[in-house]
Amino acid sequence: MRATSERSEPMSIAALAQSMGITLKALFSKPVTIPYPDAPVPLKPRFHGRHVLTRHPNGLEKCIGCSLCAAACPAYAIYVEAAENDPHNPVSAGERYAKVYEINMLRCIFCGLCEEACPTGAVVMGYDFEMADYRYSDFVYGKEDMLVEVQGTKPQRREAAYTGKPIKRGYTVPYVRPELEGVKPPEPK
Amino acid sequence: MTGIALGADPTPAADPSATDPLWMVGIKAFLVIFGLLTAFAYMTLIERRLLARIQIRQGPNRVGPDGLLQPLADAIKSIFKEDLVVAKADKVVFVLAPMISVTFAVLTFGLIPFGPKDAFFGYDPWVINLDVGLLYVFAVSEIAIYGIFLAGWASNSKYSLLGSLRSSASLISYELALGISLLAPVLLVGSLNLREIVEWQHQNGWLILYALPAFAIFLLTSMAEAARTPFDLPEAEQELVSGYNTEYSSIKWALFQMAEYIHLITASALIPTLFLGGWRMPGFLEQLPLIGGLFALPYLWMFVKIALFLFFFIWVRGTLFRLRYDQLMVFSWGRLFPLALAWFLLSALVVAFKWPIAVLGWLSLLSLVVFLAYVLLTARPKPRAMPRMGAGD
C-alpha cells in the first residue's frame, strides 16, 4: 500500500499490532507515580522552598538589615526594618540588624533573587514547601518563622503541636547545600 | 431457514424457562440488574486503573482501601452535582432520553445463559429463555439509539442535534455489519436461541472455528455498537464536547455513561456465548483428567471470558485513537459490510448444499492466513531512528 492519502486507512494493521504490544508492555511496567502524601518527594539540592534566615556559627544572625533583598524582589514580597546593634549584646555581625524581617508568601514567586542579592548570604531558600494555610495574615512569615532553628512551615508546625507528633515533611534531599548553614535535613523515613 | 441437520436438534425440548415460577424470574431479574449495576460501577474503576497502568501511572487509589470505594464516590458526586436543564429544551424528552438508553441497555442481559440448565439452585441461570433470543437482543439494543437521538434532539442545541445525527448514522452503519456477521453462526446452528447456540458449540466445537471472519467483524462492530474507542464518535469529548450529550450534566450524564458500559458488558457476554462456547471451558482442557473435573464450575468460565473481553476493550482504549468520521464510514460500509456479506454467502452455500461443516473450518483458517499475509505484505519498513537532538540534558 502506498503512503497514506487523505482518505486511506489510518494506519497499517501491523502498526496497530505493534502499538498494542507497546501498551501491553507498559501495562506490566512499574508506575512512575510518586505517591506524594504517603511517600516523600525526592527534591533536587537547588530546590527553591521556604526561605531560611541563616546564622553565623557563633550564633549571630547573618542579616544586617540592608534591604537589598527587598529591593531585588520582583514581587515586592519582602519588608525589612533595620535597627542599630547594641555593641555589648549584638544580634547580627554587622552594625545593624533586621528588627523586622517579613516575607509575604502569597506574593513570593520563589525566584531566588533575594538569595542572589544578599551580600552576607543571610536569606537562603530552603526545602519546605507545604505552606497552604487558611488566613491571609498567616502567610506573612516573620523572623520567628524563618530563622535556622525553625523546622517546617507554619501549618506543619501547627499540626505537629496539635497532634503531638514530630513535624511531618513531605520531602527528602540528597544533601543540604552549604549555604543553608545550620539547617538540619529531615529524618529519612 | 432450515438448520439442515447440522447439529440442530429437530425436536427441541420444551422451553425450560416456561417452567420457572414468576417469583423466581423476579429474583433472577433483580440479581441481573443489581449485578449489572455493580459490574458497571467497578468496570469504571478497573478501567481507570488499567488505563492508568498503561500510561505508567497508578490511577485512583484514594477513596477507600486501594481506591475500592471510588465508584461510590463517583456516584455521590454525580448525584449531587448541579443538574442543568437547558431553557426551551423539550423537558420531558430531555429527562426521558437517558432513561431510555439505560433501560434498553439493561434489558438484553437477562437472556445470556450463564451455565448449564438447572445450575442456579435447580433453576435455569438466565432470566428468560427466548427462542428468538438473538433477534430480541439486537432489536432491543438498537432501541438505545433512540436514547441518543432523542437526547440530541431535545437539548435545544445545534451541536447536540448534529452530534446525535452523526451518532445515529455511525451506530446504524455498524448495526448492519453486526447483524449480517451473526447470520453465519445462526445458519449453522439453525436457532436464534442463545442456549441452543451454546449447546451446539459443545457438540460441534466453538463457532469461532467455523466463522472466524464473522467473529472478527462482530468484535469490531460490537465495539462500535457500545460507542467504544476507537469508534467512540458519539461522545467525542475532546473535539466535539460529546456531541449528543453536550447539554447533559449530573446524574443524567452518568446514565448515558452507564448505558454505554452496560452495552459493553453485554457485548463481552455475547461474544463468548456466540463464538467461544459460552460457559464451557476450552475442549482440550475438558479432556484433562484433573482440571476438567476441578474447574468445570458453571459460572467460572463465563466470568473468565467476559473479563477477558472487557480487558481487551480497555486495552484497545488505552492504545488506539478515535477514528475520523469518514474513516469510520469507509471502514464500516467499505470493509466490514462486504466482508460480512461474503462470509454469510459462503456459510449459506455450505448449509444449502449440505457440505461438511469442516469446509467452513478450512475457510476460516484460509481467511486467517490471507489476513496474516496481507498484514505482513503491507507492513511498512521500520523508520530510521531520529537523531538525538541537543547535547543531552
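Residues numbered from 1 in each chain as written. Chains lettered and ligands numbered in written order. Predicted model: local features only at pLDDT ≥ 70, side-chain atom pairs only at ≥ 80, totals over all residues. Heavy atoms only, no water.

Just to check I follow, could you spell out the overall build of chain A for this structure?
A tally of helices and strands in chain A yields five helices and seven strands. Along chain A, from the amino end to the carboxyl end, the secondary structure elements read α-β-β-α-β-β-α-β-β-α-α-β. Expressed as lengths along the three principal axes of its C-alpha atoms, the size of chain A is roughly 90 × 40 × 35 Å. Of all 189 residues assigned to chain A, the portion counted as buried reaches 40%. Taking all contacts inside chain A whose residues are at least 6 apart in sequence as the whole, residues at least 24 apart take part in 68%. Accessible surface, chain A: about 11,200 Å² in total, of which carbon and sulfur atoms supply 58%. In chain A, 23 positive and 22 negative side-chain charges are present, and the distance between their average locations comes to 7 Å. (Helix = DSSP H or I, 4+ residues; strand = E, 2+ residues; numbered from the N terminus. Buried < 20%, exposed > 50% of the residue type's maximum accessible area, 1.4 Å probe, protein only. Contact = heavy atoms within 4.5 Å. Areas by Shrake-Rupley, 256 points an atom, 1.4 Å probe, with all protein chains shown as cover. Lys, Arg positive; Asp, Glu negative; His and termini not counted. Charge placed at Lys NZ, Arg CZ, Asp CG, Glu CD.)

What exactly am I supposed to notice about the packing of aromatic side chains here?
Think of a pair of aromatic rings as described by two things: how far the centres are apart, and how the planes are tilted against each other in angle. Within the structure shown, the criterion is met by 23 aromatic pairs over all chains. Centroid distance F215 of chain B to F275 of chain B: 5.6 Å. Interplanar angle 70 degrees. Geometry classified as edge-to-face. Note that F215 of chain B is positioned in helix α8 (residues 212-225) and F275 of chain B in helix α9 (residues 250-275), a separation of 60 residues in sequence. Judged by relative accessible area, which is 12%, F215 of chain B ranks as buried. Ring centres of F218 of chain B and F275 of chain B lie 5.8 Å apart, and the angle between their planes is 45 degrees; on these two criteria the pair is classed as tilted. In this pair, F218 of chain B sits in helix α8 while F275 of chain B sits in helix α9, placing the two residues 57 residues apart along the sequence. Here the aromatic residues Y36, F47, Y127, F129 and Y171 of chain A are joined through ring pairs into a cluster of three or more. (Phe/Tyr/Trp six-rings, centres within 6.5 Å; stacked < 30°, edge-to-face > 60°.)

Can you help me understand the pattern of salt bridges in this one?
Close approach of charged atoms lets side chains of opposite charge pair. Counting across every chain of the model gives 21 salt bridges over all chains. Between R317 of chain B and E47 of chain B there is a salt bridge whose closest N-O contact spans 3.0 Å. A residue pair is termed long-range when its members are at least 10 positions apart, and R317 of chain B in helix α12 (residues 300-319) and E47 of chain B in helix α1 (residues 22-54) qualify at 270 residues. Among the residues examined, R317 of chain B registers a relative accessible area of 30% and is labelled partly exposed. With relative accessibility at 1%, the residue E47 of chain B sits in the buried group. Across the pair D326 of chain B and R324 of chain B runs a salt bridge whose closest N-O atoms are separated by 2.9 Å. Because the salt bridges share partners, they merge into one network encompassing D133, R135, D138 and R158 of chain A. (Salt bridge = Lys/Arg side-chain N within 4 Å of Asp/Glu carboxyl O.)

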